[in-house]
Amino acid sequence: MAKPLEPLFRELEELRLELEGRPAFLVFLAFLSGCGLIPSGGWSLLAIVPLFFAFRKQILFWMAGLILGTVLSPPPVARIQEKSSYSGLVTVSSVPSLVRDSLSAVVATPSGEKLRTTFPAAMVVSRGDVFQVKGEKIALSPGAFAVEEAAGRLRLTGGVKLIREGPAFWRWATLTRQSFVDFVRRSDPQDRQMLAAALCFNVTSGLEPHFYEDLRRTGTVHIVSTSGLHVMVAAGFLTLLLLPLPIKPEFKIGILAGLLALYAAAAGFRPPIVRAALMSLLFVGAYLFRRQSDGLTTLSVASLIYLILFPRTIQDLGFWLSIFAVGSLVLFVPSARALSNMTWREKFWQTVKTSLVVSLATAPLTAWSFGEASLIGFVINLVVVPLVDLAIVVSLGAWMISWVLPNLGSFVYQGLALPLLWLIEFVINGGSRFPLASVSVSYFSLFWLIPFVVGAFLLWRPRDRSL
Amino acid sequence: MIDRFKLGAGLVIFASVGIFGSQAIPWSHVNSLSFLSVGQGDATLVRSEGKAILIDGGPATPSFDAGARLVVPWLKRTGVRQIDLFVVTHPDQDHVGGLPGIARQIPIREIVIRDDFRSHPVWQAVSSEPALRGVPITYLKQGRTRKIGEANLTFWVLPALGTKDDNDLSLVTLIEIAGSRALLTGDLPSTGEQALIRKGLPPASLLKLGHHGSSTSTSVELLEVIQPETAIASVGATNNYGHPAWQTLQRLRRAGIRLKRTDRDGTLTFVPNYGRWTLSR
C-alpha cells in the first residue's frame, strides 16, 4: 500500500530538507500566519501544523516569526460611510502621486485616522509635511476598499496651509521626480508621450484611460506601476556605474543604498519598490563580498524587513504581486550562472518559459484585483519587458546627461527613448485588440491561493542556491 | 504512481478551477447578495465568508408564511445553517411576518431593529414568539456600522418625520462587500430619502427600490446621488398596489438604470465585482 507513495514521500523529504536550510523563509511563513491569527479567527494557525511537524529543528526561528506577526498584526480599518466635516492638522503619510491635475496622497489626522486626499498639482507636497486643512470626510470611491489603507476620503473645501515641512529626504525625492517629469515634457514638445514618466517614476497622469484598459487586457499594468522590475533595472544600471570606481565595497554598497532609497522614494516608496530595493542591496552585497546568495532567503528577508517596518503592507496588493512574481522567478528560473552557459536558442526558450511562469504566478492575484485575466499577457510581456528595460535605462541616462548638457540629453531622449516608447505603445495597443486578449473573472476567495502556492512549491525542482 | 510533480500540478489545477471558475460554481460564491422572491414583501440575504445576514423575512398571512415556505428552503439549499444577524427594517407584516417561521427552523444569533419600534404592537407580537425567545435584540437609537465576514453594514437611523407611518422610520442599510455597495431603504418615502442624502450617502451600484417601487419612494435626487447601475423591485406578481409604480419605472428609465424584478426574474443573486455587482445564476 505504501509502495506507490514511496517516491512521493522521498521527494517530499527532499523538499523539506531544502526548506529547512532556509530559516528566513520559515520565519516569513510563520510571520504571515501570526499576522492572520486574529483576522482569520485562529484559522491561520493551521499553517503552523506543517511547520511543527516538518521543521521542529527550526522551532525557535518560526516561533519568533509567529509571535512577531501576531504582535505586529495591523488592526482592521473602519470605513467611513457617513459625511462629516473636518478641520485641523493632517500629516502626509504617503509619497503623493501625480493623478491628472492633482496630487493624490494619504494623510493622517492627529488621531491616527488615514484619509485619501487630493492636493492641487501646483503645490509641492512631500511625505511628512504637516498641513492645516478644512474639508469633509466622505466614503471612498466604490471599488477602492479592497486595496485601500485609508478609511475614507478627505475632500478639501477650504484653504490648505503648510505648517511644517517634512524630512528633507522626501522633498529631494519629490524634486527628483519633478525634475524628470519636467525633462520629459521639455524633450517631447507634442506632449504626447508621458509613458517615460510612467515607466520610470510611476507618474501616470499623462496616460489616457483607454491605454490603461489596454495595459490591463494585455497583462502589462506592472510596467507603469514602477514595480520591482524597474528597481532591479535601476540597481543594475547604478551597479554598472559604480563597479569601476576604486573604492571599498562597503562604500559602493552605501552609495548604492542611498541612490536606491532616493529612487524608491521618488517613485512612490510603494511596497514592491522598497522590497525590490532591499533585495537588490542584498544581492549586490553578496556579490561584492563574494558570498553566495539564495533567492528564496533574500526574498524572505527583504519582505520581512519591510513587513516589520510597515505591517499594514501585508494588505497591499502590489506587495503580494511582487512577492508572487519574484517568488516564481526564484523558484523556476535557473541561476545566472546556468543562464550564461546556455546557447542563444536555449536562452530564448528560457525567456519564453520565464514570461509564462511569471504570468501564471501572478494571474490569480491580478484576476482578484482587476476582475480580469489576460490570456496573452505572457506573449506581450515577452516583447514588452525587454523594451521597457531598455527604455528605462535610456530615459534615465538621457535625463542624467541633461544635467550637464541639456540639449544632448533631449537629443538622446528623442532619438533613442521615444522610438522605444512608441514601440511599447504599439505592441500593447495591438495586443489589446485581440478578441480574446483577456477574460473577466468573478470575485473569489483568496483561500484558493493556498493550494495554488502549495502546488507551486511541489513543482519546484531546487537546482542551484544562487539566483 | 503519484509523484511530487503530479501532486503539485493537481493542486495548481484544482486551485485554478476554483479561482477562474468561481462564477460558474454557485456554491463557491464567498460573498453574495440575494433578493429572495417572496411575493409582495422583502427578504434579502447577504452572505459573506460563511456568515449569513438576513434583512427582513418576507410576508406572512394566515394562509401562507413566506418565511417558512420560501425563505427557509432557500437558506437550507444554499447551505445557511444559522443566521448571524437578522435586520428588521420596520415591523410591517410584509417585512417581518416571516421571521417567526424562519426562527423556528434556523437559529438566529442576533436581531437588529430601530429603538422606535420597541413597543410597536406587531413587533411585540412577533418578538414574543417562542422561537425568538432568548435571541439577543439590539435596539438602535442611532446609526452604527457592523462588520460581519467581509461585509460592512452601515445602519442609518433617520429622524422621525413627524408622521405615524412606520415606513418613515425604516432602518436604512448600506452593504459594502469588497468595494461593491448596495443600498436597501426598506419602505422609506422620498422625504426620508432627502434626510438620507443630507447625511452624505456614498454612491452604490445596486439599489433595492424603496417601498417595493412605490411612486412615493426612489426620488430623482436619490438616484442622482447614489448613481445605481441596477435597481431591484421586490414585488409580488400582479400585486394589488400596482408596484412598481409607472412613475418609478419612468425615473429609472430616464436615469438609464437597469431594473430587475423578483416577480418576473425570481430570486436574484449578485456577486461583488470590483465596485459593481454581477448578476449570478
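Look a little higher up for the structure.
Residues numbered from 1 in each chain as written. Chains lettered and ligands numbered in written order. Predicted model: local features only at pLDDT ≥ 70, side-chain atom pairs only at ≥ 80, totals over all residues. Heavy atoms only, no water.

A. Seen up close, the overall build of chain B. Regarding its fold elements, chain B presents 9 helices and 15 strands. A burial count over chain B gives 60% of its 281 residues as buried. Here the analysis covers contacts within chain B between residues at least 6 apart in sequence; of these, 67% occur between residues at least 24 apart. If you sum the accessible surface of chain B, you get close to 11300 Å²; carbon and sulfur atoms cover 52% of it. (Helix = DSSP H or I, 4+ residues; strand = E, 2+ residues; numbered from the N terminus. Buried < 20%, exposed > 50% of the residue type's maximum accessible area, 1.4 Å probe, protein only. Contact = heavy atoms within 4.5 Å. Areas by Shrake-Rupley, 256 points an atom, 1.4 Å probe, with all protein chains shown as cover.)

B. Highlighting the nonpolar core. Counting residues in hydrophobic clusters, the biggest one holds 126 residues, and the most contacted among them are Phe180(A), Leu199(A), Phe201(A), Ile223(A), Tyr413(A), Leu421(A) and Ile424(A). Listed in part, the 29 residues of the second largest apolar core include Ala52(B), Val72(B), Val80(B) and Leu132(B). (Core = buried A, V, L, I, M, F, W, Y, C linked by side-chain atoms within 4.5 Å.)

C. Seen up close, helix α2 (residues 23–35) of chain A. Residues and elements named next belong to chain A. Here α2 is 13 residues long and its end C-alpha atoms lie 18 Å apart, about the 18 Å a rise of 1.5 Å per residue gives. With 10 of 13 residues buried, α2 lies mostly within the body of the structure. Listing the buried residues of α2 in full gives Ala24, Phe25, Leu26, Val27, Phe28, Ala30, Phe31, Ser33, Gly34 and Cys35. Buried residues in α2 make contact with α1 (6–20), α3 (48–54), α4 (59–72), α11 (295–309), α12 (317–332) and α17 (449–459). (Expected span 1.5 Å × (residues − 1).)

D. Inspection of the sheet that holds strand β3 (residues 51–55) of chain B at higher detail. All names here are of chain B. Spatially, the 8 strands line up as an open sheet ordered β6-β5-β4-β3-β2-β1-β14-β15, and their pairing is mixed. For this open sheet the edge positions go to β6 (137–140) and β15 (276–279), each flanked by a neighbour on one side alone. Direction aside, the axes of adjacent strands within the sheet are offset by 25° on average. For β3 and strand β4 (residues 85–87), the ladder comprises 3 bridges, and the chain directions are parallel. Bridging across to β4, Ile55 finds its partner in Val87. (Pairing = 2+ DSSP bridges. Axes fitted to C-alpha atoms, helices over the stretch in contact; angles between N-to-C directions.)

E. Geometry of the environment of Leu259(B). All names here are of chain B. By secondary structure assignment, the location of Leu259 is in strand β13 (residues 258–261). Linking Leu259 and Ala231, residues 28 residues apart in sequence, is a C-alpha distance of 4.9 Å. Residues contacting Leu259, with those up to four places away along its chain left out, are Leu209, Ala231, Ala233, Leu249 and Leu252.

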